[in-house]
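Reading the structure
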Amino acid sequence: MEASHQAMKTAVGLNFDVFREPRGVMRILQFIFCICAFATTTSYSNSMRFEVTCSNSSLPTQVVDLPFSYPFRLDEIQEPKPYCHDGNPLHLVGNFSSDAQFFVATGVLSFLYCIAIVIVYVTLSDMYQSNGLLPLTDFILTVILSVFWLSGSGAWANGLNGLKMATDANRYREEMCSKPPNDFCRSISCGDYSGLVISVTLGFLNFFLWASDLWFLYKETPWFKMKQTTGGVGAAA
């Protein structure tokens, strides 16, 4: 059985044994969770709903929806045409695109890197073991992406908090709905942010996965092997 496995591995030129090792298993988990993190962010949509009654007008009370989604440039979203004659259109305030886009970019980069490094693991297994530059590069890039996940998740958590504040009903009632010609205006609903809360949680989970993988990758680097060799020589002496 082992002989046939070795023969198939040599004939095909691929080595899938890495998926029996922690670094291979971690790459699979990272691949799955980074997709979930940026997908929950980019697929999210919500809306602010207002009920507007115009002063000195026979127009009936109107419900106005202002939808928003990724990348959350709220200051670009406004009512297409003012419902009240000669009135200012309802609009949202705030721009959280930088935080959201950095978070999503980190997820996309991690997704692409997982694919690339798995191809290296499978097709260049012997070179990865014999050439110290490959595992060293793998280790350093994983450190960088770990830092990206930590900073990106923190930034997006702060951005989400700002997004919640920017769509607070009381804020619009005080700043916009109290101004004429909207004699009466109130926010009816704004949906919920559970999808974005999940994306932030997944971001910090991704940081944990990428940071945890560093130990397994460090053991493949020349730094660790040199330390092991030096320790063995010292013990023998």
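Bear in mind the structure is a predicted one, so any value in this text is a computation, not a measurement. (Residues numbered from 1 in each chain as written. Predicted model: local features only at pLDDT ≥ 70, side-chain atom pairs only at ≥ 80, totals over all residues. Heavy atoms only, no water.)

1. Some remarks on the nonpolar core
- Grouped together as the largest cluster of nonpolar side chains are 41 residues, with contacts concentrated most on Phe68, Phe72, Leu74, Leu163, Tyr193 and Leu196.
- Sequence-distant contacts of Phe72, defined by excluding residues within four places in its chain, comprise Thr41, Tyr44, Gly94, Asn95, Phe96, Ser97, Ala100, Trp156, Leu163 and Leu196. (Core = buried A, V, L, I, M, F, W, Y, C linked by side-chain atoms within 4.5 Å. Buried < 20%, exposed > 50% of the residue type's maximum accessible area, 1.4 Å probe, protein only. Contact = heavy atoms within 4.5 Å.)

2. Thoughts on helix 2 (residues 22-42)
- Over its 21 residues, helix 2 runs 30 Å from end to end, which matches the ideal 30 Å to within 8%, given 1.5 Å per residue.
- If you check which residues of helix 2 are buried, you get Arg23, Gly24, Met26, Arg27, Gln30, Cys34, Ala37, Phe38 and Thr41. The arc that holds the buried residues of helix 2, viewed along the axis, is 145°, so those residues lie on one side. (Helix = DSSP H or I, 4+ residues; strand = E, 2+ residues; numbered from the N terminus. Expected span 1.5 Å × (residues − 1). Arc of directions from axis to C-beta.)

3. So, the packing of helix 2 against helix 3 (residues 97-123)
- Their axes nearest at 9 Å, the elements helix 2 and helix 3 cross at an angle of 155°. Relative to helix 3, the element helix 2 lies roughly antiparallel. Seen from above, helix 2 lies across helix 3 with left-handed handedness. Across the interface between the two elements, Arg23, Arg27, Gln30, Phe31, Cys34, Ile35, Ala37, Phe38, Thr41 and Thr42 from helix 2 touch Phe103, Val104, Gly107, Val108, Ser110, Phe111, Tyr113, Cys114, Ile115, Ile117, Val118 and Tyr121 from helix 3. (Axes fitted to C-alpha atoms, helices over the stretch in contact; angles between N-to-C directions. Parallel < 35°, antiparallel > 145°, perpendicular 65-115°, else oblique. Left-handed = near helix turned anticlockwise from the far one by under 90°.)

4. What to know about the environment of Gly132
- Following the sequence through the fold, Gly132 ends up in the loop between helix 4 (125-130) and helix 5 (133-166).
- Between the C-alpha atom of Gly132 and that of Trp223, which follows or precedes it by 91 residues, the distance is 9.1 Å.

5. With respect to the UniProt feature "transmembrane region" (unreviewed entry) in the chain
- Under the present numbering, the feature "transmembrane region" (unreviewed entry) in UniProt falls on residues 102-124, 136-157 and 196-218.
- Between the first and last C-alpha atoms of residues 196-218 the distance is 33 Å; the span itself is 100% helix and 0% strand. (UniProt positions renumbered as here; feature names shortened; annotations may be inferred.)

6. Focus on the packing of aromatic side chains
- A full pass over the atoms with the stated rule returns 14 aromatic pairs.
- Ring geometry for Tyr70 versus Phe72: centroids 6.2 Å apart, planes at 85°, classification edge-to-face.
- Consider the rings of Phe103 and Trp156, whose centres lie 6.5 Å apart with planes at 35°: the pair is tilted. A residue pair is termed long-range when its members are at least 10 positions apart, and Phe103 in helix 3 and Trp156 in helix 5 qualify at 53 residues.
- Residue Phe103 is classed as buried on the basis of its relative accessible area of 1%. (Phe/Tyr/Trp six-rings, centres within 6.5 Å; stacked < 30°, edge-to-face > 60°.)

7. With respect to the side chain of Asn46
- Position of Asn46 among the secondary structure elements: in strand 1 (residues 45-54).
- Given a relative accessible area of 10%, Asn46 falls into the buried group.
- Of the polar contacts made by the side chain of Asn46, one reaches the side chain of Tyr44; its length is 2.7 Å. (Polar contact = N/O pair within 3.5 Å; in protein donor to acceptor, adjacent residues only side chain to side chain.)

8. So, the pattern of salt bridges
- What the rule picks out here adds up to five salt bridges.
- Of the charged contacts, one joins Arg27 and Asp138 as a salt bridge, the two residues approaching to 2.8 Å between their closest N and O atoms. Placement of Arg27 in helix 2 and of Asp138 in helix 5 is noted, with a sequence separation of 111 residues between them. For the residue pair Arg27 and Asp138, the accessibility class agrees, reading buried in each case.
- The closest approach of N and O atoms between Asp65 and Arg49, which form a salt bridge, is 2.8 Å. Placement of Asp65 in strand 2 (residues 62-69) and of Arg49 in strand 1 is noted, with a sequence separation of 16 residues between them.
- Classification of Arg49 as partly exposed rests on a relative accessible area of 35%. (Salt bridge = Lys/Arg side-chain N within 4 Å of Asp/Glu carboxyl O.)

9. Observations concerning the confidence of the model for the chain
- Considering every residue of the chain, the mean pLDDT works out to 82; 77% of them sit at 70 or more.
- The lowest-confidence element of the chain is helix 1 (residues 2-12), averaging 49 in pLDDT; the highest-confidence one is helix 3, averaging 96.
- Within the model, the stretch residues 233-237 combines pLDDT values under 50 with zero contacts to residues more than four positions away or in other chains. (pLDDT = per-residue confidence, 0-100.)

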